[in-house]
Amino acid sequence: MFYSFIRIVARIIVFIINGNAHYLNKEKLPKDNYILVGPHRAWFDMIYFALGASPKKFSFMAKEELFKNPILRYILIHANAFPVDRKNPGPSVIKTPVNWLKKRDLSLIMFPSGTRHSQSLKGGVLLIARLAGVPIVPAVYQGPTTMKDLLKRKKVTVAFGDPITINSRKKLTDDQQHAILEEMVSSFKKLDAQINPNYVYIDKSKH
């Protein structure tokens, strides 16, 4: 109930702040659980991913420090977030999302790069997908990357790609992992081109 309430609140706030969001290829989203992945381009792109893929509900990882505040901790826990120690990630980083994907009607949003300031993909999403037996769905966000630009009501577009299935019965070899990660990157590029063939991501935090 809390997640549904927060989603309604988020949708209203996002509409008031921007009100210029567009979602492509929603028909590609599976009905059952999956992992939604994309390049991290703004601190609020996760919100747009979750709203675009509604009515599916999602869990997500949040850095451990955020859970130290009791009020924020309550909100995060009830919004299906779980803590991650980024410096020393333990087994729970894998076990928690795998268990939730298997036992709850709850999909997962992940950014394989780990941070919006890094474009290198990580293999954790592949392991979680294989152990949970769920597909990976690529997605991209194009639009404002700062709150200032978002308030200018510049266009926001989220596009979803074809699901990528991983054989849960077989261990992934290094070559297979590399091939799947390459497929993800290729899908990101195709989705970006579908939205805007001339799109180039610029990390404004570095300028």
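For the structure given in this document, a descriptive report is provided here. (Residues numbered from 1 in each chain as written. Predicted model: local features only at pLDDT ≥ 70, side-chain atom pairs only at ≥ 80, totals over all residues. Heavy atoms only, no water.)

**Here's the deal with a nonpolar patch on the surface**
Taken together, Phe-5, Ile-6, Leu-66, Ile-71, Leu-72, Tyr-74 and Ile-75 make up a surface patch of nonpolar side chains, about 620 Å² in accessible area. Of all the secondary-structure elements, those providing two or more residues to the nonpolar patch are helix 1 (2–17) and helix 3 (70–78). Ranked by the residues each element gives to the nonpolar patch, the list is headed by helix 3, at four residues. Note that Ile-75 resides in helix 3. (Patch = residues over 30% accessible without salt bridge, like charges linked within 9 Å, V, L, I, M, F, W, Y side chains within 5 Å. Areas by Shrake-Rupley, 256 points an atom, 1.4 Å probe, with all protein chains shown as cover. Salt bridge = Lys/Arg side-chain N within 4 Å of Asp/Glu carboxyl O. Helix = DSSP H or I, 4+ residues; strand = E, 2+ residues; numbered from the N terminus.)

**Here we look at the environment of Asp-175**
Its location among the elements puts Asp-175 in helix 7 (residues 174–195). According to the relative accessible area criterion, Asp-175 is exposed, its value standing at 67%. Counting along the chain gives 23 residues from Asp-175 to Asn-198, while the straight-line C-alpha distance between them is 31 Å. (Buried < 20%, exposed > 50% of the residue type's maximum accessible area, 1.4 Å probe, protein only.)

**Some details on the packing of aromatic side chains**
Applying the stated criterion across every chain yields a total of eight aromatic pairs. Pairing Tyr-34 with Phe-58 gives two aromatic rings, centres 5.8 Å apart and planes at 80 degrees, and the pair type is edge-to-face. Linking Tyr-34 in the loop between strand 1 (21–24) and strand 2 (35–37) with Phe-58 in strand 3 (residues 58–63), this pair joins segments that are 24 residues apart in sequence. Like Tyr-34, the residue Phe-58 is buried in the burial classification. Where Phe-49 meets Phe-111, the ring centres are 6.0 Å apart and the plane angle is 25 degrees; that geometry is what we call stacked. Of the two residues, Phe-49 is situated in helix 2 (residues 45–52) and Phe-111 in the loop between strand 5 (107–110) and helix 5 (124–132); the sequence distance between them amounts to 62 residues. A relative accessible area of 0% places Phe-49 in the buried class. Three or more aromatic residues link up through ring pairs in this structure, and these residues are Trp-43, Phe-44, Tyr-48 and Tyr-141. One cation-aromatic arrangement involves Arg-104 over Trp-100; the distance from NZ or CZ to the ring centre is 4.5 Å. (Phe/Tyr/Trp six-rings, centres within 6.5 Å; stacked < 30°, edge-to-face > 60°. Lys NZ or Arg CZ within 6 Å of the ring centre and 35° of its normal.)

**Quick notes on unusual backbone geometry**
Of note, the bond from Ser-54 into Pro-55 is cis; its omega dihedral lies within 30 degrees of zero at 15 degrees. With respect to the secondary-structure elements, Pro-55 resides in the loop between helix 2 and strand 3. Here Asn-25, not a glycine, exhibits a phi torsion of approximately 65 degrees, which is positive. For Asn-25, the position within the fold is in the loop between strand 1 and strand 2. The backbone phi angle of Arg-153 is positive, close to 60 degrees, even though this residue is not glycine. Mapping Arg-153 onto the fold places it in the loop between helix 6 (147–151) and strand 7 (156–160).

Purely spatial values, then, with no claim about function.
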